[in-house]
Amino acid sequence: MSVVTDLTYQAMLWTMRHQARRFARAALRLERTQRELLRDMLAGNASSEFGRAHDFANIRSFEDFRRAVPVRKYDDLGEWIDQIASGAPNVLTCEPVERFVPSSGSAAGTKFIPYTRALRQQFKRAIGPWVYSTYA
């Protein structure tokens, strides 16, 4: 392994170790962590069309969220997703949609998932601890 490759590997491993420790700390207070994440997502998206339609600004608990935002299938969000695809901002999220990522399920055709910077960061925070535990 070259020095550059080794340094890159070590830097990547250090970053993932940090993510793994943060994940482990959050897991020790799981309910609190989940409530904080929900609160932050609601506050950050309260002024989106979806947030206004579901009164995100007045949701104070998980129970409020469950009452205000019904479980939906992908097809139920089609109108919202079409608006985003047409270039409309602040539809499902206040954050700009970077791109649509195709995803397919076992029962339906290709679905296009609006992909934001925050979603990318959430994937990194989830994948980093998993990869670190594999290498450790």
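The structure contained in this document is the topic of the report that follows. (Residues numbered from 1 in each chain as written. Predicted model: local features only at pLDDT ≥ 70, side-chain atom pairs only at ≥ 80, totals over all residues. Heavy atoms only, no water.)

Scanning the protein from terminus to terminus reveals six helices and two strands. Listing every helix and strand of the protein by position from the N terminus yields α-α-α-α-α-β-β-α. Radius of gyration (C-alpha) of the protein: 18 Å, far over the 14 Å computed for a compact globule of 136 residues. Considering only C-alpha atoms, the protein reaches an extent of 55 × 35 × 30 Å along its principal axes. Going through the 136 residues of the protein one by one, you find that 21% of them count as buried. Considering only intrachain contacts with a sequence separation of at least 6, the fraction spanning at least 24 residues in the protein is 41%. As displayed, the protein offers around 9,900 Å² of accessible surface, 57% of which is attributable to carbon and sulfur atoms. Both charge centroids of the protein, one from 20 positive and one from 14 negative side chains, sit 8 Å from each other. (Helix = DSSP H or I, 4+ residues; strand = E, 2+ residues; numbered from the N terminus. Rg over C-alpha atoms; globule rule 2.2 N^0.38 Å. Buried < 20%, exposed > 50% of the residue type's maximum accessible area, 1.4 Å probe, protein only. Contact = heavy atoms within 4.5 Å. Areas by Shrake-Rupley, 256 points an atom, 1.4 Å probe, with all protein chains shown as cover. Lys, Arg positive; Asp, Glu negative; His and termini not counted. Charge placed at Lys NZ, Arg CZ, Asp CG, Glu CD.)

Counting residues in hydrophobic clusters, the biggest one holds nine residues: Leu38, Leu42, Phe50, Phe56, Ile59, Val69, Trp80, Ile84 and Val91. Broken down by secondary-structure element, the contributors of at least two residues to this core are helix 2 (30-45) and helix 5 (78-85). Not counting residues up to four positions away in its chain, the partners in contact with Trp80 are Glu49, Phe50, Ala53, Val91 and Leu92. Leu13, Ala20, Val131 and Tyr132 belong to the second-largest nonpolar core, a separate cluster that totals five residues. (Core = buried A, V, L, I, M, F, W, Y, C linked by side-chain atoms within 4.5 Å.)

This part takes up a positive patch on the surface. A surface patch of positive charge is lined by Arg21, Arg22, Arg25 and Arg125. Mapped onto the elements of the fold, Arg25 is located in helix 1 (residues 3-28). Its relative accessible area of 48% is what places Arg25 among the partly exposed residues. (Patch = residues over 30% accessible without salt bridge, like charges linked within 9 Å, V, L, I, M, F, W, Y side chains within 5 Å. Salt bridge = Lys/Arg side-chain N within 4 Å of Asp/Glu carboxyl O.)

The next thing to look at is unusual backbone geometry. Note: most peptide bonds trans; most residues except glycine with negative phi. A positive phi angle is found at Asp55, which is not glycine, with a value near 55 degrees. By the element assignment, Asp55 lies in the loop between helix 3 (49-53) and helix 4 (62-68). Assessed through its relative accessible area of 39%, Asp55 is described here as partly exposed. Of note, the phi angle at Asn90 is positive, near 55 degrees, even though the residue is not glycine. Examined against the element boundaries, Asn90 turns out to sit in the loop between helix 5 and strand 1 (97-104). A residue is classified by how much of its surface remains accessible, and Asn90, at 34% relative accessible area, is partly exposed.

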